Amino acid sequence: MKQLRVRVLAGLFVVAGVVSWAGARLWDAFGTLPSVPVAAPIVLAVIAVVLAATAISLRSRFRAQRERRPGAKGVDPLVAARAVVFGQASALVAALVSGMYGGVGAFLLLAGVENNPARRDQTIYAGASVLAGVCVIAAAFFLERVCRLPEDEDEGESGGPGSARA
C-alpha cells in the first residue's frame with residue numbers, strides 16, 4: 001500500500017481551491033452565492049477525532065502486544081489495513097473539501113466582508129472547514145505512522161529497489 005504524499009494532498013487542495021474560487025466568482029456574478037454549511041467544519045472535526053482515536057487505540061494495542069503484556073489483545077492485520085485505507089481516503093477527501101472551502105473563503109475575503117455580516121459568517125465557516133480539514137489530514141498521517149510495519153521503516157531508509165517509497 002502506498003503512503004500518503006503531502007505533494008498530492010497539496011496539489012488537490014490548490015486545484016480545488018482555484019476551481020472553487022473561479023466557480024464562486026462566476027456564481028456570484030449571476031446570482032446569490034450558496035452558503036457554506038455550518039455543519040462542514042463539525043463533520044470534518046468529527047472525522048479527525050475518529051481517526052485520532054483509532055490511531056491512539058491501535059498504538060496502545062500494538063505497544064501492549066510488543067511488550068508481551070499478559071492478556072494483551074492483538075491487532076488483526078486486516079483491521080489495521082482497513083484503518084489505514086479509511087485514513088488515506090479521509091485525507092484525500094479532506095484535501096478536496098478544504099480546497100473547495102478555501103477557494104470560497106478566499107473569494108469572500110477578496111469581495112469584502114466588512115459591510116456584510118452574513119458573508120463574514122460564511123468566511124469564518126469556510127476558514128474553520130479548512131482548519132478541520134488540515135486536522136483530518138494530520139490525523140490520517142498519524143494513523144498511517146502508527147500502522148506502519150517495522151520492516152517498512154527499514155526498507156524506506158535503505159532506498160533500495162524494494163523500498164516502500166516510490
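Each remark here, short or long, concerns the structure printed above.
The rules behind the values
- Residues numbered from 1 in each chain as written.
- Predicted model: local features only at pLDDT ≥ 70, side-chain atom pairs only at ≥ 80, totals over all residues.
- Heavy atoms only, no water.
- Core = buried A, V, L, I, M, F, W, Y, C linked by side-chain atoms within 4.5 Å.
- Buried < 20%, exposed > 50% of the residue type's maximum accessible area, 1.4 Å probe, protein only.
- Helix = DSSP H or I, 4+ residues; strand = E, 2+ residues; numbered from the N terminus.
- Contact = heavy atoms within 4.5 Å.
- Patch = residues over 30% accessible without salt bridge, like charges linked within 9 Å, V, L, I, M, F, W, Y side chains within 5 Å.
- Areas by Shrake-Rupley, 256 points an atom, 1.4 Å probe, with all protein chains shown as cover.
- Salt bridge = Lys/Arg side-chain N within 4 Å of Asp/Glu carboxyl O.
- 1 Å grid on protein atoms, 1.4 Å probe; cavity = no way out; pocket = protein on both sides within 12 Å on 5 of 7 lines; lining within 4 Å.
- Points joined across faces, edges and corners; volume = space filled by probe spheres on them.
- Axes fitted to C-alpha atoms, helices over the stretch in contact; angles between N-to-C directions.
- Parallel < 35°, antiparallel > 145°, perpendicular 65-115°, else oblique.
- Left-handed = near helix turned anticlockwise from the far one by under 90°.

Turning our attention to the nonpolar core. One broad trend across soluble globular proteins is that nonpolar side chains are buried collectively. Ranked by internal contacts, the top residues of the largest apolar core, which has 22 residues, are Leu51, Leu58, Ala91, Val136, Ile137, Leu143 and Cys147. Contributions of two or more residues to this core are made by α2 (39-66), α3 (77-111) and α4 (117-146). Among the elements that make up this core, the one with the highest residue count is α4 (seven residues). Apart from the residues lying within four places of it in its own chain, the contact partners of Ala91 are Leu4, Leu9, Val136, Ile137 and Ala140.

Taken together, the side chains of Val38, Ile42, Val46, Val50 and Phe86 define a hydrophobic patch exposed on the protein surface, amounting to about 430 Å² of accessible area. Sorting elements by how many residues they give to the nonpolar patch places α2 first, with three residues. Looking at where Val46 falls in the secondary structure, it is placed in helix α2. Judged by relative accessible area, Val46 falls into the partly exposed class, the value being 47%.

Taken as a whole, the second largest pocket encloses approximately 160 Å³ of empty space. Around the second largest pocket sit Ser20, Gly23, Ala24, Trp27, Leu33, Pro34, Ser35, Val36, Pro37, Met100, Tyr101 and Val104, which together line it. Sorting the residues of the lining of the second largest pocket by element identifies α1 (6-30) and α3 as the ones contributing at least two each. Looking at the lining of the second largest pocket element by element, the count peaks at four residues for α1.

Now for the packing of α1 against α3. Where α1 contacts α3, the axes come no closer than 7 Å and their chain directions differ by 40°. Taken together, the axes of α1 and α3 lie oblique to each other. Of the two possible hands of crossing, α1 and α3 adopt the one that is right-handed. Of the residues in α3, those touching α1 at Val8, Leu9, Leu12, Phe13, Ala16, Gly17, Ser20, Trp21, Ala24, Arg25 and Asp28 are Ala91, Leu92, Ala95, Leu96, Ser98, Gly99, Met100, Gly103, Val104, Ala106, Phe107 and Leu110.

With that settled, consider the environment of Ala45. Considering the arrangement of structural elements, one finds Ala45 in helix α2. Through-space distance from the C-alpha of Ala45 to that of Cys135 is 7.2 Å; in sequence the pair is 90 residues apart.

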